[in-house]
Amino acid sequence: MESYFVNDLEIIFDFAGRNDWKKFSFPIWYGIPVKIKWRGYEFDFNLRGNLKRIKGNLSVWPNPLELLKRNDSNDYIYYGSFGYEFSYDLIKNYYVPYTGIYECAVFKERPLENSHVKKALMEFDKLVIRSGELSSAVKDERPKKFLAKVAARGREALAREATALHNIIGGSLPVLPPDTIDVDYEVIPLMVVDGCGWNCDFCRFKTKGSFKVRSQQEIERQVYALRDLYREDLINYNSLVLGQNNALAAGETILIKTIQIADKVLKLHGSYFRGDPNIFFFASAKSLLKVKERFFETLNSLPYNFYINVGLESPDQQTLDKLGKPLTAYEVKESFKKAQYVNDNYARIDITSNFILGRDLSRKHLEMLKDLLCENGSRKGKGTVYLSPLIDLSDKRQVLKNFKEVKRISPLPVYIYLMQRL
Ligand code: SF4
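Residues numbered from 1 in each chain as written. Predicted model: local features only at pLDDT ≥ 70, side-chain atom pairs only at ≥ 80, totals over all residues.

### Remarks on the overall build of the protein
Inference 1: Across its full length, the protein carries twelve helices and 17 strands.
Inference 2: A compact globule built from 422 residues would reach a C-alpha radius of gyration of about 22 Å, and the protein, at 22 Å, matches this within 12%.
Inference 3: Across its three principal directions, the C-alpha atoms of the protein cover 70 × 50 × 40 Å.
Inference 4: When the 422 residues of the protein are sorted by exposure, 43% land in the buried category.
Inference 5: Here the contacts in the protein between residues at least 6 apart in sequence split such that 70% fall between residues at least 24 apart. (Helix = DSSP H or I, 4+ residues; strand = E, 2+ residues; numbered from the N terminus. Rg over C-alpha atoms; globule rule 2.2 N^0.38 Å. Buried ≥ 20, exposed ≤ 12 C-beta atoms within 10 Å, placed from the backbone. Contact = placed C-beta atoms within 7 Å.)

Laid out in structure tokens, this is it:
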């Protein structure tokens, strides 16, 4: 580490955070941030000088175990510690990431509205100004350059950069695959398809326009533009999300070529993080059923960890009809079985699935879901089942009761799906 005291602030370079994604019940810094300590706050920046996290000592921050994070699409996320064991059991994380954007029947608190968060952001605005003043006064090149970067990246500039990211990929990811919680949502987005091809009545993440596969040329344009945007901070990423909601439908050729060019240009294998890069994407039940075994053999032979998430919603036909999901219960069950087959036979591929919870759903939905998991799930730690409570049709007590009921009998890991976007 290299530390400089510049007037009333301390700036720390080469802070080596964890280079894995292990989870702990106390704050952990992943990757390589640059830290600035000022007026009781600790501000973390990425290597481009963009604000990444804020926490503080007790004089300014009520709970030193909690922190405020900013993601690459300029959303602020509050990492709250509302009972570690309770949180881990529910969402596979000791911290609850509150976005204030998507409601969840289980976590209804709104910590982003708290005064210490608003105050911390106002202090950040002042730090941006102070960085500009100190940058022109300090002699040492390293802090001088970095403070100039911070000074150029106030909240408006950060918002513009998020817009630039969305312009590059030609859209946004209205929801991230749930497994990205295992890399703390630190993923580079890359669009290979638009939309998902379906039009389920209950869905909150439908995108405008019809389903379309992007051309290889267009995908490569994105990859090079992403390289130019992330620049020196690419080292802090070893995970890619292929958007949007049904990337599996892009087909084998596009997917493989995309992953290979992205790895080469974005240097995923040269990341600070240990191990092979992670590739996350969504699939629909029908696209999963269509895929030939040869595709999984090819994926499994590549040096990546694949996490494919498929939205199945319910094995009960009445519930599927009620949700307006254009699938048969037979297709749901066959997709689920195929996912477990892939999980059992291909070490590098983990297919996880989503089902819904909600107070208006019939008892049959829950019973059939439990049967499906018991009949097909193996106990290898893969194939996580995520349960999504339907907004407005769920109450906390009921969701927790149903969640525990499914989790108790399931041979597969079961967690609540917490929605995040990028
Ligand atoms: S397939 Fe998934 S993303 Fe597409 S409309 Fe249905 S629920 Fe939404």
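### Quick look at the pairing of strand β15 (residues 349-357)
Inference 1: For β15, the buried fraction is high: eight of the nine residues fall into the buried class.
Inference 2: Here seven bridges tie strand β14 (residues 305-313) to β15, and the two strands are oriented parallel to one another. In the strand pairing of β15, I308 is matched with I351.
Inference 3: When β15 meets strand β16 (residues 385-389), the two strands line up parallel, connected through five bridges. Paired with L357 across the strands is P389, a residue of β16. (Pairing = 2+ DSSP bridges.)

### Things to note about the packing of helix α4 (residues 155-169) against helix α5 (residues 216-230)
Inference 1: Following both chains from N to C, one finds α4 and α5 inclined at 165 degrees, their axes separated by 9 Å at the closest point. Considering the angle they form, α4 stands roughly antiparallel to α5. Taken as a pair, α4 and α5 cross one another with a handedness that is left-handed. Packed against α4, whose contacting residues are A164, L165, I168 and I169, the element α5 presents Q222, A225, L226 and L229 at the interface.
Inference 2: Taken together, the residues that form the contact of α4 with α5 break down as seven nonpolar, one polar and no charged. (Axes fitted to C-alpha atoms, helices over the stretch in contact; angles between N-to-C directions. Parallel < 35°, antiparallel > 145°, perpendicular 65-115°, else oblique. Left-handed = near helix turned anticlockwise from the far one by under 90°. Nonpolar A, V, L, I, M, F, W, Y, C, P; charged D, E, K, R; others polar.)

### Quick look at the environment of Y341
Inference 1: Its location among the elements puts Y341 in helix α10 (residues 329-345).
Inference 2: For the pair formed by Y341 and F202, sequence separation is 139 residues and the distance between their alpha carbons is 29 Å.

### Remarks on the site of the ligand
Inference 1: In the vicinity of the ligand, the contacting residues are C196, W198, N199, C200, C203, F205, K206, N245, S284 and G311.
Inference 2: Split by residue class, the shell around the ligand holds five nonpolar, four polar and one charged. (Near = placed C-beta within 6 Å.)

### Considerations on the domain arrangement of the protein
Inference 1: Here the protein is described as being made up of domain 1 (2-154) and domain 2 (170-416).
Inference 2: On a C-alpha basis, the centroid separation for the pair domain 1 and domain 2 is 29 Å.
Inference 3: Taken together, the residues of the side of domain 1 that touches domain 2 break down into nine nonpolar, six polar and five charged. (Domains from an automatic or database assignment.)

### A few points about the sheet that holds strand β12 (residues 239-243)
Inference 1: Here we have seven strands laid out as an open sheet, ordered β9-β12-β13-β14-β15-β16-β17, and parallel in their pairing. Edge positions in the open sheet fall to β9 (188-191) and β17 (414-416), since each of these has one partner strand only. In this sheet, neighbouring strand axes are inclined to one another by 25 degrees on average, regardless of whether the strands run parallel or antiparallel.
Inference 2: Lying on the sheet, helix α6 (residues 252-266) is in contact with β9, β12 and β13 (278-284); it crosses β9 at an angle near 140 degrees.

### Points about α10
Inference 1: Spanning 17 residues, α10 covers 25 Å between terminal C-alpha atoms, matching the ideal 24 Å at 1.5 Å per step.
Inference 2: Taken as a whole, α10 has its buried residues at V332, S335, F336, A339, Q340, V342 and N343. For α10, the arc enclosing every buried residue in end-on projection is 160 degrees, short of the 170-degree limit, so these residues lie on one face. Facing away from the buried side of α10 by over 90 degrees, the exposed positions are Y330, D344 and N345.
Inference 3: Considering only its buried residues, α10 is in contact with α7 (285-290), α8 (293-301), β14, β15 and α11 (363-376). (Expected span 1.5 Å × (residues − 1). Arc of directions from axis to C-beta.)

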